[in-house]
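Spelled out from the first residue to the last, the chains are:
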Amino acid sequence: GPKVLQIPSHQIIDMGQMVTLNCDPVSNHLYFYWYKQILGQQMEFLVNFYNGKVMEKSKLFKDQFSVERPDGSYFTLKIQPTALEDSAVYFCASSPGLGVSAETLYFGSGTRLTVL
Amino acid sequence: SQWGEENLQALSIQEGEDVTMNCSYKTYTTVVHWYRQDSGRGPALIILIRSNEREKRSGRLRATLDTSSQSSSLSITAAQCEDTAVYFCATDLDNYAQGLTFGLGTRVSVFP
C-alpha cells in the first residue's frame, strides 16, 4: 500500500540544538500531519499542513516548532531550540483530502527523538 | 478530553482464543477508526465503522459501534501470534482538520 517514509528513524541531540525531522508523504496526498507520541502514551496531534500553510495546530505545537514543505520536497518538522520534553517519537501522516477522503491517514514509522 | 475510560490497557491471550477490546468517546463522531501499531512502526488502519453501522467485519476482525452509549469494540477471532500489537480506536474532531484523535490503546499479546 501507500507508504510514508520518515528520515531519520532515530535522532539524538543536545538540548538547545536545532533538529529537523523529514517526511516523504504519499505522492498524491495533499494534507500532512505531525503527531507526537511519548512512550506509553497516546499519539497526540501537533499540526496539519495544506497548500503551503498550517491549517490547524494544537497547544503542543510550541513557538519553537515550525513546518514546511518547500517545492514538494520533504515535509519537515523543525524544532529550534529543542527542550528535554521534546523527547518522543514523532509520526508523520498524510491523507488525500479532508472529510470523507481523509478517512485513512497513512503513517510513517516515526522518528525517535532523544534530547539530552 | 475526547475519551472516556479505556476499559482495558493490556491483554494476554493464547493463540486460537478470541479477544475483545473496548473504547468509549465523549464527543459525537460519524466514524470510529481502529488502528494497530506494531512495535517500532506507525499506526495502520485495520477497520473503520460508521455511525450508521452497528457492526463491521473484515476477515477475523469485527468492530461494533453503539452511538447511544458512544462506545465501540474490536474483536479478533482465533487470534494468532502476529496479532500481537497495540490497538487504538480513533475519531475525528472538526471533520479531520486535526486529523484523528487517538485513545490510549490496548496492548494485545498473543502467545503460542
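Along every chain, residues carry numbers that run from 1 in the direction the sequence is written. Lettering of chains starts at A and numbering of ligands starts at 1, both following the order in which they are written. Local features in a predicted model are, by the rule used here, given only for residues with pLDDT of at least 70; side-chain atom pairs are given and counted only at 80 or more, and totals for whole chains, interfaces and linings are based on all residues. Each side-chain value is worked out from all heavy atoms of the structure, with water and hydrogens disregarded.

Colleague: Residues and numbers for the pairing of strand β11 (residues 111-115) of chain A, please.
Modeller: All names here are of chain A. Alternating positions in β11 separate cleanly, Thr 111, Leu 113 and Val 115 being buried on one face and Arg 112 and Thr 114 remaining unburied on the opposite face. Pairing of strand β2 (residues 10-13) with β11 involves four bridges; the strand directions are parallel. Of the residues in β11, the one forming a bridge with His 10 is Arg 112. In this sheet, β11 lies alongside strand β9 (residues 88-95) in antiparallel orientation, the contact comprising three bridges. Residue pairing in the sheet places Val 89 in a bridge with Arg 112 of β11. Buried means the residue's accessible area, taken with a 1.4 Å probe over protein chains only, is under 20% of the maximum for its type, while exposed means over 50%, and partly exposed covers the values in between. Secondary structure follows DSSP: runs of H or I at least 4 residues long count as helices, runs of E at least 2 residues long count as strands, and numbering of each begins at the N terminus. Whether two strands pair depends on DSSP finding at least two bridges between them.

Colleague: Could you give an account of the sheet that holds strand β3 (residues 19-24) of chain A, naming the residues involved and the relevant values?
Modeller: Residue and element names in this part refer to chain A. The strand order β1-β3-β8-β7 describes an open sheet built from four strands, whose pairing is antiparallel. Either end of the sheet is taken by a strand with one partner, and the two such strands are β1 (5-7) and β7 (65-68). If you compare each strand with its neighbour and ignore which way they point, the axes differ by 20 degrees on average. Sheet analysis places β3 next to strand β8 (residues 75-79), joined by five bridges and oriented antiparallel. Paired with Leu 21 across the bridge in β8 is Leu 77. In this analysis, axes come from line fits to C-alpha atoms, helices being fitted only over the stretch in contact, and the angle between any two N-to-C directions falls in the range 0 to 180 degrees.

Colleague: I'd like a rundown of the side chain of B:Ser109, residues and numbers included.
Modeller: When you line up the elements, B:Ser109 lands in strand β10 (residues 106-111). Using a relative accessible area of 18% as the deciding quantity, one classes B:Ser109 as buried.

Colleague: Describe the environment of B:Thr30, with residues and values.
Modeller: Residues and elements named next belong to chain B. For Thr 30, the position within the fold is in the loop between β2 (19-24) and β3 (31-37). Owing to a relative accessible area of 35%, Thr 30 belongs among the partly exposed residues under this scheme. Along the backbone, Thr 30 and Arg 107 are 77 residues apart, and their C-alpha atoms lie at a distance of 25 Å. For this analysis, residues touch if any pair of their heavy atoms sits within 4.5 Å. Here Thr 30 is in contact with Ile 49, Arg 50, Ser 51 and Asp 92, once residues within four sequence places are set aside.

Colleague: An account of the sheet that holds β2(B) is needed here, citing residue identities and associated values.
Modeller: Residue and element names in this part refer to chain B. Taken in spatial order, the four strands make up an open sheet running β2-β7-β6-β5, and their pairing is antiparallel. In this open sheet, the two strands that pair with only one neighbour each are β2 and β5 (55-58). Between one strand axis and the next, the sheet turns by 15 degrees as a mean value, whatever way the strands run.

Colleague: Residues and numbers for the packing of aromatic side chains, please.
Modeller: Residue and element names in this part refer to chain A. Pairing of aromatic rings covers Phe, Tyr and Trp, the last through its six-membered ring, and needs centres within 6.5 Å; plane angles under 30 degrees mean stacked, over 60 mean edge-to-face, and all others mean tilted. Using the criterion set out here, one finds 13 aromatic pairs over all chains in the structure. The interplanar angle of 40 degrees and the centroid separation of 6.5 Å between the aromatic rings of Tyr 33 and Tyr 35 together place this pair among those described as tilted. Each member of the pair, Tyr 33 as well as Tyr 35, is classed as buried. Taking the centre distance of 5.7 Å and the plane angle of 80 degrees together, the rings of Phe 61 and Phe 65 count as edge-to-face. Taken as a pair, Phe 61 and Phe 65 share a single burial class, namely buried.

Colleague: Run through the nonpolar core, naming residues and quoting values.
Modeller: Across soluble globular proteins, nonpolar side chains show a tendency to be buried alongside one another. What we call a nonpolar core is a set of buried Ala, Val, Leu, Ile, Met, Phe, Trp, Tyr and Cys residues that are connected through their side-chain atoms within 4.5 Å. In this structure, A:Trp34, A:Leu46, A:Val67, A:Phe75, A:Leu77 and A:Tyr90 are the most contacted members of the largest nonpolar core, which totals 22 residues. Within the residue set of this core, elements represented by two or more residues are β3, β4 (31-37), β5 (44-50), β7, β8, β9 and β11 of chain A. The contact partners of A:Phe75, leaving out residues within four places of it in the chain, are A:Leu21, A:Asn22, A:Cys23, A:Phe32, A:Tyr33, A:Trp34, A:Phe49, A:Val67, A:Glu68, A:Arg69 and A:Cys92. Among the nonpolar cores identified, the runner-up in size contains 21 residues, and B:Val19, B:Met21, B:Val32 and B:Ala63 belong to it.

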